[in-house]
Amino acid sequence: MKQLVAIIVFLFLFNTEGFPGSSLDYDGDADYIEMADNANLDFDATTDFAVAVWLSPDACGTDGPFVLNKGTAAGTFYQIRLRTTSCRILVSVDDGPDVVNSTDDGAALTNASWQHLVVNFDIDGNMTRYLNGVSTGTADALSTIGDLTNVNVLRVSLNTVSAWDGQMADLRIYRRLLRASEISELYAGNVIASPDNLALHLPSQDSASPANDISILQGGDGTWFNQTASSGNGPPIFYGLPL
C-alpha cells in the first residue's frame, strides 16, 4: 500500500504540464502571441465554443486592450477585450452582416489581481460570461450570428496600442460549451478539468524555456513576440496528473 501511495505522489509531482504560479507578462506595447489560421480555431454556424483564461491587468488604459482576437473588422471575427473607459469586459462576435456586443453589466476586472474569465458562445442560443466561477447575470442572444470562419490569425493580446498590459495564464479555447460545474473546477485551480474538445491551450508553464511551451493546439503552433514568462506570480493553479 505504501508503495502504491508513493507511486501516485511521484506521478502527481513529476508528470505535470507545468509549474504552479506561472504566467505570461505583457507590457502593453506590442507584446502578443500569434497563431496561424487553423480549422480548430474557426467556428461555423452550428459549432458552439468557449474561452477560459486567467487575467491580471496592470492597467486598463483607454485603448480597449485585447485579450484575444481572430478576424478583422472588415470581415468576421470573435474577440475579448476591455472597454475603452473602464476595466469592464467586452465580448464581440461578427459574422459579416451582423455583430453582437456583450451587454455592459458592470462586470469588471481589478488591477493587479488574478481573476478567472469564461465566455460561453452558444451559437444558436446566448453568449454568457462567468467571472470567478459565477455568471455575470447577462445573456446576449446570438440568434443573428452565423458562420464566424475566417482565414486570419488568432492573436493573444495585439501588436498595436490596444495590446494587453498585465499577465495572462491558462488560456483555453474549447469547441463546445463549458458546464457550470466545469467552470467552477477551472476557477478552483483544477487545470486538468474538461480536457475534451480542447482546441487551444496556452499553459505558459515553463519560465525557463517559454519558446517550448507555446500551446497545445490541434494542428499548429504559435509564435511569441516580446512578452516574458513570469514564475511565481501566477494564479492559484497547478498543472498535475488526474488521479
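Up top you'll find the structure we're talking about.
Thresholds applied
- Residues numbered from 1 in each chain as written.
- Predicted model: local features only at pLDDT ≥ 70, side-chain atom pairs only at ≥ 80, totals over all residues.
- Heavy atoms only, no water.
- Helix = DSSP H or I, 4+ residues; strand = E, 2+ residues; numbered from the N terminus.
- Buried < 20%, exposed > 50% of the residue type's maximum accessible area, 1.4 Å probe, protein only.
- Contact = heavy atoms within 4.5 Å.
- Core = buried A, V, L, I, M, F, W, Y, C linked by side-chain atoms within 4.5 Å.
- Phe/Tyr/Trp six-rings, centres within 6.5 Å; stacked < 30°, edge-to-face > 60°.
- Arc of directions from axis to C-beta.

Asker: Help me understand the environment of Leu109, please; the structure alone is not making it clear to me.
Answerer: Looking at where Leu109 falls in the secondary structure, it is placed in the loop between strand S7 (99-101) and strand S8 (115-121). Take Leu109: its relative accessible area is 6%, and that puts it in the buried class. On a C-alpha basis, the gap between Leu109 and Leu82 in space is 8.8 Å, while along the polypeptide they are 27 residues apart. Setting aside residues up to four positions removed in sequence, Leu109 forms contacts with Leu55, Pro57, Leu82, Cys87, Ile89, Gln115, Leu131 and Trp164.

Asker: Teacher, can you tell me more about the nonpolar core here?
Answerer: Nonpolar side chains in soluble globular proteins generally cluster together in the buried interior. Core analysis: the largest hydrophobic core is formed by 40 residues, its most contacted members being Tyr78, Phe121, Val156 and Ile173. Per element, the largest residue contribution to this core is four residues, and it comes from strand S3 (residues 49-57). Excluding its chain neighbours within four sequence positions, the residues that come into contact with Phe121 are Asp48, Phe49, Ala50, Val51, Val91, Val93, Asn126, Met127, Leu142 and Leu177. Counting nine residues, the second largest nonpolar core, distinct from the first, contains Ala50, Leu178, Ile183 and Leu186.

Asker: Got a minute to help me understand the packing of aromatic side chains in this structure?
Answerer: Given two aromatic rings, one states the distance between the centres and the angle between the planes to describe the pair. Enumeration over the complete set of coordinates arrives at five aromatic pairs. A ring pair is formed by Phe49 and Phe121, whose centres lie 4.2 Å apart and whose planes are at 5°; its orientation type is stacked. Residue Phe49 is found in strand S3, and its partner Phe121 is found in strand S8; the two are separated by 72 residues along the sequence. Of the two residues examined, Phe49 and Phe121, each falls in the buried class. Look at Trp54 and Tyr187: their rings are 5.9 Å apart centre to centre, the planes differ by 25°, and that puts the pair in the stacked class. In this pair, Trp54 sits in strand S3 while Tyr187 sits in helix H2 (residues 180-187), placing the two residues 133 residues apart along the sequence.

Asker: Please clarify how H2 should be interpreted in this entry.
Answerer: Since the α-helix turns once every 3.6 residues, residues separated by three or four places project in the same direction. Among the residues of H2, Glu182, Ile183 and Leu186 are the ones counted as buried. In an axial view of H2, the angular spread of the buried residues amounts to 100°, which keeps them on one side of the axis. Buried residues in H2 make contact with S3, S8, strand S9 (126-131) and strand S12 (165-174). Just downstream of H2 lies Gly189, where phi reads positive at about 100°.

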